[in-house]
Amino acid sequence: MDYTITYYSEAVQAEILNLPDTLAARYIVLTRRIVALGPNLGEPHTKAFGEGLFELRLKGAEGIARVFFCTLVARRVVMLHSFIKKTDKTPPRERRIAEARMKEVKHANS
């Protein structure tokens with residue numbers, strides 16, 4: 001049984017789909033794998049942060065991007081937040097946004 005992917009909001013979906021071409025292409029390839037195999041693809045593709053929060057790691061000619069997502073029951077994956085990386089470490093602010101959205105999504109689905 002496949003997983004389904006949804007988005008926190010239309011704005012998040014638009015932001016992800018408007019990533020530079022090679023990053024958007026990588027996103028499509030990796031999300032197809034998530035649908036078929038599940039959310040934990042392992043590094044270098046995904047990184048687990050615990051409590052159901054994951055980071056999808058995109059690398060392309062235009063740079064590096066990250067997409068935070070969480071998992072819900074019934075094989076559902078929700079894309080929460082994306083950003084283009086400009087530093088070696090993920091800025092804490094970006095992770096906090098994803099964590100707040102994950103809490104909201106999980107609360108709404110409980």
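Described below are features of the structure shown in this document. Computed from a predicted model, the values in this text were never measured in an experiment. (Residues numbered from 1 in each chain as written. Predicted model: local features only at pLDDT ≥ 70, side-chain atom pairs only at ≥ 80, totals over all residues. Heavy atoms only, no water.)

Considering the environment of Leu 58
Positionally, Leu 58 belongs in strand β3 (residues 53-60). In sequence terms Leu 58 and Leu 17 are 41 residues apart; their C-alpha atoms lie 13 Å from each other. If near-sequence neighbours (up to four positions away) are discounted, Leu 58 is found in contact with Leu 19, Leu 23, Arg 26, Tyr 27, Leu 30, Gly 63, Ile 64, Ala 65, Arg 66 and Val 67. (Helix = DSSP H or I, 4+ residues; strand = E, 2+ residues; numbered from the N terminus. Contact = heavy atoms within 4.5 Å.)

Observations regarding the sheet that holds strand β4 (residues 63-72)
In spatial order, the strands read β1-β5-β4-β3-β2; together these 5 strands make up an open sheet with mixed pairing. Two strands lie at the open edges of the sheet, namely β1 (4-7) and β2 (46-50), each paired on one side alone. Going across the sheet, the axis of each strand differs from the next one's by a mean of 30°, ignoring polarity. Relative to strand β5 (residues 76-85), β1 runs parallel, the two being bridged by 4 bridges. Considered in β5, the bridge of Tyr 7 is made with Met 79. Relative to the sheet, helix α1 (residues 10-17) contacts β1, β4 and β5, its axis offset from that of β5 by approximately 55°. Running at roughly 140° to β3, helix α2 (residues 21-37) makes contact with β1, β3, β4 and β5 of the sheet. (Pairing = 2+ DSSP bridges. Axes fitted to C-alpha atoms, helices over the stretch in contact; angles between N-to-C directions.)

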